[in-house]
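Each chain is listed here by its residues.
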Amino acid sequence: LTFPSLSDVSGDVYIHRGTHFETVSLPALQTVTGKLHFFAQELDLIELGSLVRVDGDFIVLSYQGVSLLLPELQQVGGDLDLAQTKLTSLNLPKLSDIGGLRFWNNGWIQTLGSWPAFQNVTLQQGLYIFSNNQLADLAPLVGIVAIDEDFEVRNNAALPTTSVEALHQSIAIGGTVTISGNAN
């Protein structure tokens, strides 16, 4: 599926299972005023090299690709939700604002990569990181200063509990805190 000239979408974009696309290429897409949702087990390449802003949730579920390159992404108004992927790397060099973060059941990724612009961030939704068996580092998240809702980091077999607790202590949290089942 390729739309080489599509630069802006007013509304939502959904690519769901049953579409039988292996590649989605939207190289000129810069702005989505609604949600951007990929849920297709057949997908092994998502090209969004110009994407700057998603006003709603940005969800990638069951993605088979090993990398997700978002070199221009600066803002996600809703949740950035990455789940059940085969990602081994994730670099978001310009990301500076997200509503919330949900990162769960990603079996291959060891680090969240580099997010140098992610500083003095307040999440209006929660932070949920769970069941990522090889994730061992949350370094990019040190830029979070407050979370209006919940902080939940659990069942990440390679993630040291001490680093999760240090992150938790550096953030003002408005909801509940759950830290359990991480590495000792």
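The structure this text deals with has already been given above.
Numbers given to residues run from 1 along each chain, matching the order in which its sequence is written. Predicted model: local features are reported for residues with pLDDT of at least 70 only, side-chain atom pairs are reported and counted for 80 or more only, and whole-chain, interface and lining totals are derived from all residues. With hydrogens and water stripped out, all remaining heavy atoms of the structure feed into the side-chain values.

J.: Would you take a moment to explain the packing of aromatic side chains for this structure?
T.: Aromatic ring pairs: the centre-centre distance and the angle between the two ring planes describe each pair. Each pair of aromatic rings taken from Phe, Tyr and Trp, with Trp reduced to its six-membered ring, is defined by centres within 6.5 Å and is described as stacked if the planes are under 30 degrees apart, edge-to-face if over 60, and tilted in the remaining cases. For the coordinates displayed, the defined rule picks out two aromatic pairs. When the ring of Trp104 is compared with that of Phe130, the centres are 5.9 Å apart and the planes differ by 10°; the resulting orientation is stacked. Of this pair, Trp104 sits in strand 12 (residues 97-104) while Phe130 sits in strand 14 (residues 127-130); the two residues are 26 residues apart in sequence, bridging distant segments of the chain. On the accessibility criterion, Trp104 (23% relative accessible area) is partly exposed. Burial here depends on accessible area, computed with a 1.4 Å probe over protein chains only, as a share of the maximum for the residue type. Under 20% is buried, over 50% is exposed, and the range in between is partly exposed. Owing to a relative accessible area of 18%, Phe130 belongs among the buried residues under this scheme. Ring plane angle 85° and centroid distance 5.2 Å describe the contact between Trp115 and Phe118, whose orientation is recorded as edge-to-face. Judged by its relative accessible area of 0%, Phe118 falls in the buried class. Stacked on the ring of Phe130, the Lys or Arg Arg154 has its end atom at 4.3 Å from the ring centre. Where helices and strands are cited, they refer to DSSP runs of H or I of at least four residues and of E of at least two residues respectively, numbered from the N terminus. The criterion for a charge sitting over a ring is simple: Lys NZ or Arg CZ within 6 Å of the ring centre, and within 35 degrees of the ring normal.

J.: Just checking my understanding: could you explain the nonpolar core for this structure?
T.: Within soluble globular proteins, side chains that are nonpolar generally end up buried alongside one another. The set of buried Ala, Val, Leu, Ile, Met, Phe, Trp, Tyr and Cys residues whose side-chain atoms join them within 4.5 Å is what this entry labels a nonpolar core. Ranked by internal contacts, the top residues of the largest apolar core, which has 50 residues, are Phe38, Leu48, Leu51, Phe58, Leu138 and Leu141. Dropping the residues within four chain positions of it, Leu48 is found in contact with Leu26, Leu29, Leu36, Phe38, Phe58, Leu69 and Leu70. Whether two residues are in contact is decided by their heavy atoms, any of which lying within 4.5 Å being enough.

J.: Looking at this structure, how should I read the sheet that holds strand 15 (residues 144-147)?
T.: The strands that make up a sheet are held in pairs by hydrogen bonds between backbone atoms, and each pair lies either parallel or antiparallel. Here, strands pair whenever DSSP counts at least two bridges between them. The strand order across the open sheet formed by three strands is 13-15-17, and the pairing between neighbours is parallel. Each edge of the open sheet is held by one strand with a lone partner, namely strand 13 (121-123) and strand 17 (172-173).

J.: Please clarify how the pairing of strand 14 should be interpreted in this entry.
T.: In regular strands, side chains alternate between the two faces of the sheet. Residue alternation in strand 14 divides its side chains into two sets, Leu127 and Ile129 and Tyr128 and Phe130, and both sets are buried. When strand 14 meets strand 16 (residues 151-154), the two strands line up parallel, connected through four bridges. By the bridge assignment, Phe130 is partnered in strand 16 with Arg154.

J.: So what exactly am I meant to see when it comes to the environment of Phe21 here?
T.: Within the secondary structure layout, Phe21 lies in the loop between strand 2 (13-16) and strand 3 (23-25). Residue classification places Phe21 among the partly exposed positions, given a relative accessible area of 28%. Sequence-distant contacts of Phe21, that is, excluding residues within four places in its chain, are made with Leu1, Ile15, Glu42 and Leu43.

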